[in-house]
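Summary of the model geometry
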Amino acid sequence: MASSGAVPFWRAAGMTYITYSNICANLVRNCLKEPHKAEALSREKVHFSLSKWVDGKPEKPSMLLFSSSYPFTDSIIIPTFNSFSDY
Amino acid sequence: MAMAAALRREGRRLAQPINALQSHSSLISQDQAPHGARSISTQIVRNRMKSVKNIQKITKAMKMVAASKLRAVQTRAENSRGLWQPFTALLGDNPSADVKKNVVVTISSDKGLCGGINSTSVKISRILHKLNSGPDKETKYVLLGEKAKVQLVRDSKKDIELTLTELQKNPLNYTQVSVLADDILKNVEYDALRIVFNKFHSVVSFLPTVSTILSPEVIEKEAEAGGKLGELDSYEIEGGETKSEILQNLADFQFSCVMYNAVLENACSEQGARMSAMDSSSRNAGDMLDRLTLTYNRTRQASITTELIEIISGASALTG
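A quick note: this is a predicted structure, and the numbers were derived from the prediction, not measured. (Residues numbered from 1 in each chain as written. Chains lettered and ligands numbered in written order. Predicted model: local features only at pLDDT ≥ 70, side-chain atom pairs only at ≥ 80, totals over all residues. Heavy atoms only, no water.)

**Some remarks on the overall build of chain A**
Across its full length, chain A carries three helices and three strands. Helices and strands in chain A line up, N terminus first, as α-α-α-β-β-β. When burial is assessed residue by residue, chain A has 32% of its 87 residues classed as buried. As displayed, chain A offers around 5700 Å² of accessible surface, 59% of which is attributable to carbon and sulfur atoms. (Helix = DSSP H or I, 4+ residues; strand = E, 2+ residues; numbered from the N terminus. Buried < 20%, exposed > 50% of the residue type's maximum accessible area, 1.4 Å probe, protein only. Areas by Shrake-Rupley, 256 points an atom, 1.4 Å probe, with all protein chains shown as cover.)

Printed below as a string of structure tokens:
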């Protein structure tokens, strides 16, 4: 469902497969009904502190804190899923 | 340990007057008592006993906490093993692939008091670095967890590429691990990723393991050598994708799955190691408490005996 040309659209946009599957998973989780939705979204919390090292010195750590929604979902063309009609 | 040595010295010093009394001389150690007092003070020993007892209580509590955390993570770690098993069935495990750019991903804990697991992980990472160093080849580190960072900063500062900390603030989930796997893939050039973690076999045994993930180009190269990778061509590819695209997706996903399993197993091993470390700490505290109790009783009895001797000799001197 995703690829028609040489490269799938998401790879051409610079995403990796991991990002693609995370967005899809987030969409599925948002389709659930309460209370399962709250449980599922609590499994999506991301928090870690990343710091790149240059020449043996760490740069200021960038805190990555996504609460429950993945940041890309608003700005990217969402593929249509025909099979998920039961939720 | 310094405390135990100090205690042993105290014990020896306190034992001398008892031995002296037993040999009927009247040497009394004046070390602990203030000037002018005639009996040996038991205050110091009592203080030590109180603090050792408190430490024992704390370590017992930490052991219980670690045991409950272990139970929670253990089932998830065992279930996550099914994520990477299909990959190994398809692509095989190639720890001996000879590549130019190696990246060693060391997984360690953020908190301490967990025994020797972080040191073993760092040791293995250093061994891998040495094994893979040569004229063209280079090895970089990506460190997860504070403890590995602290140890590797001492001598391999210039080889560290990324450090990630504060992973266990929320309970571990796949989304978090996949996001950090994605960050690693985006920021680091690699031909082979070697993930070093402690695999959880049982509560008392954690073995350091290395999982190797090859980049798609290296997989193509190794496929010519035959083996599991050589059989990839016999699979049919559906959809409009080419083999190299599929390999790319597979490599990304494999890294993410193996990382998830590795992080969970390491968390399990951390809790198990903490349990056994706190257990041996409580036991040592108990032994120390026994020794201190003996010393305390000896000191107390010696001072009582001294008092009695003085009283009796005084009385007998009066009656003449």
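Text resumes after the structure shown.
**Some thoughts on the overall build of chain B**
Each helix and strand counted, chain B has seven helices and five strands in total. Tracing chain B from N to C terminus, the helices and strands come up as α-α-β-α-β-α-β-α-β-β-α-α. Sorting the 320 residues of chain B into buried and exposed places 45% on the buried side. Approximately 16700 Å² of chain B is accessible, and the part contributed by carbon and sulfur atoms is 55%.

**So, the pattern of salt bridges**
Residue and element names in this part refer to chain B. In total, this model carries ten salt bridges over all chains according to the counting rule given. One salt bridge in this structure joins K101 and E189, with 2.9 Å as the shortest N-O distance. One end of the pair, K101, is in strand β1 (residues 101–107); the other, E189, is in the loop between α5 (174–187) and β4 (192–200), and 88 residues separate them in sequence. For K186, the salt bridge goes to D182, with nearest N and O atoms at 3.0 Å. Placement of the pair is K186 and D182 together in helix α5, with a separation of four residues, close to one helical turn. Accessibility expressed as a relative area gives 4% for D182, which makes it buried. (Salt bridge = Lys/Arg side-chain N within 4 Å of Asp/Glu carboxyl O.)

**Here we look at the environment of B:E189**
All names here are of chain B. The exposure class assigned to E189 is exposed, which follows from its relative accessible area of 57%. When the C-alpha positions of E189 and W84 are compared, they lie 22 Å apart, and in sequence the two are 105 residues distant. Dropping the residues within four chain positions of it, E189 is found in contact with K101 and V103. Polar side-chain contacts of E189 include one of 2.9 Å to the side chain of K101. (Contact = heavy atoms within 4.5 Å. Polar contact = N/O pair within 3.5 Å; in protein donor to acceptor, adjacent residues only side chain to side chain.)

**A word on the confidence of the model for chain A**
Parts of the model with low pLDDT should not have their predicted coordinates read in detail. All names here are of chain A. For chain A, per-residue confidence averages 71 on the pLDDT scale, and 64% of positions sit at 70 or higher. Per-element confidence in chain A is highest for helix α2 (residues 17–30), whose mean pLDDT is 91, and lowest for strand β3 (residues 62–66), whose mean pLDDT is 60. In this model, residues 1–5 is a region of pLDDT below 50 whose contacts with residues beyond four sequence positions or in other chains number eight contacts. Across residues 71–87, where pLDDT falls below 50, the model places 16 contacts with residues more than four positions away in sequence or in other chains. (pLDDT = per-residue confidence, 0-100.)

**So, helix α7 (residues 243–319) of chain B**
An ideal rise of 1.5 Å per residue puts 114 Å on 77 residues; α7(B) measures up with 112 Å between its terminal C-alpha atoms. Following α7(B) by one or two positions, B:G320 adopts a phi angle in the positive range, close to 75°. (Expected span 1.5 Å × (residues − 1).)

**Regarding the interface of chain A and chain B**
A common way to express how large an interface is: the accessible area buried when the components associate. Between chain A and chain B, the contact holds 31 residues from the first and 35 residues from the second. Across the chain A to chain B interface the summed buried area is about 2700 Å²; carbon plus sulfur atoms make up 53%. Looking at the side of chain A facing chain B, the largest losses of area belong to A:I18, A:H47 and A:W53, adding up to 25% of the total buried there. Linking chain A with chain B are one salt bridge, by the criterion used here. Notably, a salt bridge pairs B:D252 with A:R11, separated by 3.0 Å at the nearest N-O pair. (Buried area = accessible area lost by both parts, 1.4 Å probe.)

**Remarks on the nonpolar core**
Residues and elements named next belong to chain B. Core analysis: the biggest nonpolar cluster contains 46 residues, and V142, L144, I195, F255 and M259 have the highest contact counts within it. Looking at this core element by element, the count peaks at eleven residues for α7. Discounting chain neighbours no more than four positions away, the residues touching I195 are V105, I107, T209, V210, S211, I213, F255, V258, M259 and A262. Counting residues in each nonpolar core, the second largest holds 13 residues, with F87, L91, A97 and I219 among its members. (Core = buried A, V, L, I, M, F, W, Y, C linked by side-chain atoms within 4.5 Å.)

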